[in-house]
Structures are given as C-alpha cells and as structure tokens.
Amino acid sequence: MKGQCITSKAFLLIILSLSIAKFAFGQPETPAEHDARMQWWREARFGLFIHWGLYAIPAGEWNGKMNYGEWIRTSAQIPLEEYDKFLQQFNPTKFNAEEWVRLAKEAGMKYIVITSKHHDGFCLFDSKHTDFDVMSTPFKRDIMKELSEACRRASLKMCWYHSIMDWHHPDYLPRREWEQSRSTAGADFDRYVRHMKAQLQELLTNYGKIGVLWFDGEWESTWNPQYGCDLYEYVRRLQSDVIINNRVGAGRAGMEGFAKEGEFAGDFGTPEQQIPPTGLPGVDWETCMTMNDHWGYNKRDQNWKSTKALIQMLADIASKGGNFLLNVGPTAEGLFPPASIERLREIGQWMKVNGEAVDATHASPFRKLDWGRCTQKAVGNDTRLYLHVFNWPADGKLNVSGIFNQAGQAYLLADRQRNLLPVNREEDALVVSLPGQAPDSCNSVVVLDIAGKPDINDPPKIVSEFDVFVETVEVAIVSDRDNAEIRYTLDGSVPSASSALVKGTIRLTETTVVSTRSFRNGKAVSDTAQAKFTKVKPRSAEKVDKLKQGVKYAYYEGDWDRLPDFKTLKPVKEGILRNFDFSPRQEVERFGFEYAGFFRVPETGVYAFFTDSDDGSRLYIGDTLVVDNDGLHAMHEERGVIALAAGLHPIRVTFFEKSGGDDLKVYYKSLKQEKQPIPEAMLFYEK
Ligand code: FHN
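1. A closer look at the environment of arginine 300
As for its placement among the helices and strands, arginine 300 is situated in the loop between β8 (286-289) and α9 (307-319). Through-space distance from the C-alpha of arginine 300 to that of glycine 60 is 7.6 Å; in sequence the pair is 240 residues apart.

Printed below as a string of structure tokens:
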C-alpha cells in the first residue's frame, strides 16, 4: 500500500505475502524492476563483512575471561557507565580506509558491509542524534565517510550493517535481564524507532549511494512485522535502489536465516555461520561467516578457518546460487588481524585466476557432484559450465554424469593458452580427460562449454502436501525438462517408454508407490523418482464431558540441555492458560513448561503440527510424539504429521529454555487450513 504500513495483522499478511511485489515509490515493484535492483548483488557473489567498534578495545577479555566478542557489554554484564569509558579510548590511529578497500578488492570482493551501529549502540559515523559516536572519541574522524569514499574510488559498493537492538539508547526496550537497575521510566520504544530512522536518514543521505542495508538484532519482543514493513518502506524511500535483508522484519527462522512461511522476507535470506544444504531456486540468500570464531576482534581467537576451506565454501555457496559475506574483525588500532589479511590475500590469488567461475554465475544445474561443485553462465544460447574440482581424479577422468547436452570445448581456467581437453560421451556422462597434476590444491576449475541450456538427468518431482491420507490424496508430478515425456507407474515398477504419460494431478485412493521418469524418443533421459503414499486410519477422537476453554500448564525450573521427563519433577506452579505462553514464568532462564489439554479437530483428515522454539520443544497427540524439536538451539522449527478423526484429541506440548533467547510458537495446518498458530478456540481442558 502506498506509503502506509499495515494497521492490522490480516492486512499485513496479505501485503507481506505479496512481498515479491516489493515497494518502490508506492507502486508495487515489478519482477523486472526487482531483478534490475538485485542484479549487481546477485552478480557480486562475494562481499566483506566488518564488525568494528568499541568492543575491539577489550578485544574479547574482561575480568580474566577471554572468550568475548562484540557482545562483551552484555555477555560480561558491563554496566553502561563502565562501557562508555571505552569512548575515550577509541583512537584507531592506524585505520586506513584505502588499505581496507584494497584488501577487499584484491580478494575479489565486490561490496563491504560494516557495522555502522552494532547492538552496543556505538556509531562509527558522525551522527547529529547521539554523542555515543566516533566524533566523541579522540579519533574524531567520520570513519564511514572515509570508507564510503574509498569504496567509491575502488568501485566497491558501500553497505551498512545496522542493529535494531540497541543496548545504549534509553528508549530501547527491553533492557538486558541483568540490567534491571537501569530504569525504564519514560522509555518510549516508538521514540527509539524515530531515533533509529533519523540515524538511517543520515546514513542514507550523507554517504552517497548505499548498496545494502543489513539489519540485525530484530529478534526481541518489542520488534514486530509492522515495524519491519514500515522500516523497509522508509529505507526504500530514502534510496529506492537499496537492497534490504530479511532481518528488517520479525519472521526469520533462527540461524538458518530464512523467513518463515507468510512472513516478510525482505530482499534476501541470511543464513549465519552455515551454508544451506541445497540451492534454493528463485530465492536470494547470503551466508555470513566469521574467519575464526568471533565477529568482533578477539585477540586470543586463533581458530582460523583455512584458506582452502574458505575457497571451497565460496564455490559451494556460488554453486547454490548464494552470496558469501566473509567477516573481518579489525583491532582497536584499525588494522585487520594478520591472519585475516593472509586469507584475504590467498583467496585473492585464487580469484585472480578463477574469479570468472564465481562472478555473475548462476547455480549448478546438477543436484550433486562427488568431486566438487559447478557454477554456470549463459553464453548466447549456449552454456559455460565451471567445474570446481576439489578432488582431482587419480585416473585423470572427470566424470560429469547425467548430462544430455552436446559437448563443446573444455579447458583449465588456469591455463592461459586455453589448451583444449578431450571430452568424450560415455552413456549419460561427459568425461573430460585431465592432466595428471591439478593446477590448484584447493579448487581447480575446468571449463566445459555445452550446446543450449543444461539438459540434466533430473528426474521429475513428485509433489503432495502429505505422504499419508485417510480417503484420497492428489499427487502432482512436475518437471522443467525441455522436450521430454514424463511417464509414471503406480505399482512401484520403473516406468518404461510405454508407461502412462503424466496429464494433470493423479488421485490415489489406496496405498501406492508412485514412480516417474523422463523419456525422449523412447529412451529414458533421467533416473526414476519414487514416493510412497500411505492410506491410514485416523486416530479416534475422545469423549470428554466437562470441557472448558484453555490448557493446563505446569511450570518448572531447572538446568537442562534436553527436555526432561517432567513427570519426574515437581512443578513450581500449575494452572490454566488460554494458550501456550510463558506468562507464569518466574525466571528468565532455566525454566520449562508442560501444557496439556484437548485439540478440537474440525474434520477428519491429515494435520501437520509445528513447534518453533528456543530452546527445545515437543508436541504429542495422545501418546504419539508428532513434533520432536528437542535440544539446545536458537529459534528453530520442526514439523510432524498425523491423521485425526473429527473431535477432541489430547494435545501435550513440552518446552525448556536454558539461556539466551527464548520463545515457543505452536502452529497447525491441514489441506484446507493454511498454517496458523493454534487458536485458543480449538484448545480445551477437562474440568
Ligand atoms: O548478534 C549478532 C552478532 O553479534 C553478529 O552481528 C551476527 C552477524 O550476522 N548477527 C547477530 C547474531 O545472529
């Protein structure tokens, strides 16, 4: 909606679910406009993350403990007035913006994301809206101004990391649990949001064109989707081309980094310290990662990832269509740690020879390659495959299986003379004959040109919401293969050239194994994909006489790494709640709940249940464990499926929190009901 943020959750979900039609000057952004805005970022593939601020002064040490980083103020529970003393010590006299930008550029990086303000609230830029900024330090230079100008001179994109959470500003809520002595009297979160917007206006007005706004610290209870949507639109109005990550919203599913279903997803997902297991066609995402174990400088942390590991991660991420944001935590003097410089230089040496196999590439057309990864580029109507060979074949034969294209030329990207390598077809594989010696110990790239778009042995996909059913189930078989016949069988046999052709969805009424395969001119051109759909009896509903709305709860306190057997423990408190919430809790850490009641199933069918929790949780229907989401973790969601007859079914949810963030959300969905939190109206207990 033009210039307005949504006033109700329902409207918000409608707008947010259209989040692909992004906002630009009140007109929905067309897919072509969105692609144009994202293009430089998608082609960049590789950027530098910089976490720098007052925390570089203690450099990870406080009161004899050595394992802190940028969270030191809250992890070491340093009182505000104590931490503010660092302001007078921040004087990075060796800071040289040109040097930082040169190191990034030579590493093959195309953009720099730096902490304009991290959670501690200290601003590395000259802000008129706070004295807690670099101009109040002995350094008295606008670091962001110097860096943005150096980036511009080197044609690198300047990007801001900006924390929504702010442990310094008096209007930011909540306070840290250990900081209850710091009064919240008069604190006004909306006034804090106005303050944050005023600083973002400075960052998007005084430093030229900005590439990305990398929000973070969006996970606390005071932030919500409406603030997020409003902030996204606000930033885009200041610079319409800026790209904004999904942490502007409030719907990120933990460190996996993607927005939950129906939640506002910003412009790209943000897996943190991890790489998604597969590519995510049509989804923009960027893995951010430290070189050692800390984002902010820690003088003791020597647990550095090897250059080889980092180069292979870069190839892995690019082969899945993602970006790699690799972090450096500079020292209080303004220097990159030597180990970081060493890795940037070595990555740069590899990129100098092989950067073409990363820059502006697209995801691999293969599901899996045993010897390495693949990226690709269109060359006219044909395709150039970049085969990233991690494990050089001892027999000199590089087997690229499951490809039906005609082969063009092949050569080593490291070979300046482009000496051609022999390529032979062996059934459904193209085999490239390689020299005995790999040109690179980390990742040797073989270029293989093929005619047309990749025609890969990708079996058709068998799609259905559930793999169990009560009466009937609809199954779709889909494939994006060109000029191929998709055939299937329902008796578990491998489809042949005379098997049934897929025409629309298939309705099953009995337990069935569906098998499907692609054919061309009577010959199979894919493996066979199989899926089993099982007809089940729904769990019988229970007769319960005296019902009241709500659930029973029992609240416990204890220190667990996994869910305890609450039946063996004595609850601190018991009672009735309207839903699965923490309101009775008396501790902020080391507590648990067991909720029990009845879930009213509207009609017989298959139901999916979800718990999204930090830390562990489980959901039972009757004696059946339907969702197992146990363990120590950030917000993480698990799903389970069960067939239920219409009526009342016992539901039991268990949860524990050890320390740090905490939350529990319980959802359900069916073929007729989109995923939604279990409404209070469906929860009952026996009086
Ligand atoms: O709390 C921050 C952390 O300090 C760091 O900035 C990372 C980098 O993405 N983000 C948050 C943790 O998820």
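After presenting the structure, the write-up continues.
2. Regarding the site of the ligand
Around the ligand lies a shell of 15 residues, among which His51, Glu70, His119, Asp216 and Glu272 are the nearest. Histidine 51 is positioned with one of its side-chain polar atoms (N or O) 2.7 Å from an oxygen atom of the ligand. Here an oxygen atom of the ligand sits 2.7 Å away from a polar atom, N or O, in the side chain of histidine 119. Isolated, the ligand exposes 330 Å² of accessible area, and the fraction of that covered by the protein chains is 95%. Of the residues belonging to the shell around the ligand, the class tally is eight nonpolar, three polar and four charged.

3. With respect to the environment of glycine 408
Relative to the helices and strands, glycine 408 is located in strand β13 (residues 407-412). Classification of glycine 408 by relative accessible area gives partly exposed; the value is 36%. When the C-alpha atoms of glycine 408 and arginine 384 are compared, they prove to be 9.1 Å apart, with 24 residues separating the residues in sequence.

4. Looking at the domain arrangement of the protein
Partitioning the protein into structural domains gives domain 1 (26-355), domain 2 (372-450), domain 3 (461-535) and domain 4 (547-686). Taking only C-alpha atoms, the centre of domain 1 and the centre of domain 3 are 46 Å apart.

5. Things to note about the packing of helix α5 (residues 97-106) against helix α10 (residues 338-354)
Running from N to C, α5 and α10 cross one another at 40 degrees; their axes reach a closest spacing of 8 Å. When the axis of α5 is compared with that of α10, the two are oblique. In contact with Glu99, Arg102, Leu103 and Glu106 of α5, α10 contributes Ile341, Leu344, Arg345 and Gly348.

6. Some points on the side chain of arginine 236
With respect to the helices, strands and loops of the structure, arginine 236 is situated in helix α8 (residues 225-238). From its side chain, arginine 236 meets the backbone oxygen of serine 240 in a polar contact 2.7 Å long.

7. Focus: the pattern of salt bridges
Within the structure shown, the criterion is met by 53 salt bridges. One salt bridge in this structure joins arginine 37 and aspartate 267, with 2.9 Å as the shortest N-O distance. A residue pair is termed long-range when its members are at least 10 positions apart, and arginine 37 in helix α2 (residues 31-44) and aspartate 267 in the loop between β7 (243-244) and β8 qualify at 230 residues. Take arginine 37: its relative accessible area is 4%, and that puts it in the buried class. Given a relative accessible area of 5%, aspartate 267 falls into the buried group.

8. What to know about the side chain of glutamate 29
Mapping glutamate 29 onto the fold places it in the loop between β2 (27-28) and α2. Overall, glutamate 29 belongs to the buried group, its relative accessible area being 4%. A polar contact of 3.0 Å, which involves the side chain of glutamate 29, links it to the side chain of histidine 34. Within the structure, glutamate 29 has its side chain in polar contact with the side chain of arginine 37 (distance 2.6 Å).

9. Thoughts on α10
Here α10 contains 17 residues, and its C-alpha end-to-end distance of 24 Å stays within 8% of the 24 Å for a straight helix at 1.5 Å per residue. Here α10 has its buried residues at Ala339, Ser340, Ile341, Arg343, Leu344, Ile347, Gly348, Trp350, Met351 and Asn354. The inward-facing, buried residues of α10 abut β3 (46-50), α5, α9, β9 (323-328), β11 (382-389) and β16 (444-450).

10. Points about the sheet that holds strand β22 (residues 506-508)
An order of β17-β19-β22 is seen for the three strands of this open sheet, with the pairing classed as antiparallel. Across the chains shown, the open sheet's two edge strands, defined by having one partner strand only, are β17 (461-463) and β22. Between one strand axis and the next, the sheet turns by 30 degrees as a mean value, whatever way the strands run. Across three bridges, the pairing between strand β19 (residues 473-478) and β22 is antiparallel. The residue bridging glutamate 474 from the neighbouring strand is arginine 507, located in β22.

11. Remarks on the sheet that holds strand β36 (residues 676-677)
What the four strands build is an open sheet, ordered β33-β30-β35-β36; its pairing is antiparallel. The sheet is open, and its two borders are formed by β33 (636-644) and β36, each paired with just one other strand. Taken together, the two bridges between strand β35 (residues 663-670) and β36 define a ladder with antiparallel strand orientation. If you follow tyrosine 667 over to β36, its bridge partner there is proline 677.

12. Points about unusual backbone geometry
In the segment running from leucine 173 into proline 174, the intervening peptide bond is cis, with an omega of 5 degrees. Inspection of the secondary structure puts proline 174 in the loop between β5 (157-163) and α7 (189-203). With an omega of 10 degrees, the peptide bond running from aspartate 614 to aspartate 615 counts as cis. When you line up the elements, aspartate 615 lands in the loop between β30 (605-614) and β31 (617-621). Non-glycine residue arginine 45 carries a positive phi angle of around 65 degrees. Tracing the backbone through its elements, the reader meets arginine 45 in the loop between α2 and β3.

13. Here we look at the packing of aromatic side chains
Summed over the entire model, instances satisfying the criterion amount to 42 aromatic pairs. Put simply, the rings of Trp52, Phe90, Phe95, Trp100, Phe122, Phe132, Phe139 and Phe336 touch in pairs and so form one group of aromatic residues. Between the NZ or CZ atom of arginine 652 and the centre of the ring of tyrosine 620, over which it lies, the distance is 4.0 Å. Sitting over the face of the ring of tyrosine 667, lysine 675 holds its NZ or CZ atom 4.8 Å from the ring centroid.

14. Some details on the packing of α5 against helix α6 (residues 143-153)
Contact pair α5 / α6: the axes reach a minimum separation of 9 Å and the direction vectors enclose 45 degrees. By the angle between their axes, α5 is oblique relative to α6. Note on packing geometry: the crossing formed by α5 with α6 is right-handed. Each of Ala97, Glu98, Trp100 and Val101 in α5 lies in contact with α6, whose residues at this interface are Glu146, Leu147, Ala150, Cys151 and Arg153. Partitioning the contact of α5 with α6 into residue classes produces six nonpolar, no polar and three charged.

15. A word on the nonpolar core
Counting 97 residues, the largest nonpolar core has Leu231 and Val235 as its most contacted members. Each of domain 1 (26-355) and domain 2 (372-450) gives at least three residues to this core. Aside from chain neighbours lying at most four places away, what touches leucine 231 is Ile164, Met196, Lys197, Leu200, Phe215, Trp223 and Val248.

16. Digging into α2
When the terminal C-alpha atoms of α2 are compared, their 20 Å separation across 14 residues agrees well with the 20 Å that a helix rising 1.5 Å per residue should span. Along α2, the helix axis deviates most sharply at methionine 38, where the bend reaches about 50 degrees. After α2 finishes, the residue arginine 45 shows a positive phi value of roughly 65 degrees.

Thresholds applied
Residues numbered from 1 in each chain as written. Predicted model: local features only at pLDDT ≥ 70, side-chain atom pairs only at ≥ 80, totals over all residues. Heavy atoms only, no water. Helix = DSSP H or I, 4+ residues; strand = E, 2+ residues; numbered from the N terminus. Near = heavy atom within 4 Å. Polar contact = N/O pair within 3.5 Å; in protein donor to acceptor, adjacent residues only side chain to side chain. Areas by Shrake-Rupley, 256 points an atom, 1.4 Å probe, with all protein chains shown as cover. Nonpolar A, V, L, I, M, F, W, Y, C, P; charged D, E, K, R; others polar. Buried < 20%, exposed > 50% of the residue type's maximum accessible area, 1.4 Å probe, protein only. Domains from an automatic or database assignment. Axes fitted to C-alpha atoms, helices over the stretch in contact; angles between N-to-C directions. Parallel < 35°, antiparallel > 145°, perpendicular 65-115°, else oblique. Contact = heavy atoms within 4.5 Å. Salt bridge = Lys/Arg side-chain N within 4 Å of Asp/Glu carboxyl O. Expected span 1.5 Å × (residues − 1). Pairing = 2+ DSSP bridges. Phe/Tyr/Trp six-rings, centres within 6.5 Å; stacked < 30°, edge-to-face > 60°. Lys NZ or Arg CZ within 6 Å of the ring centre and 35° of its normal. Left-handed = near helix turned anticlockwise from the far one by under 90°. Core = buried A, V, L, I, M, F, W, Y, C linked by side-chain atoms within 4.5 Å. Bend = angle between axes of the 7 residues up to and from the residue.

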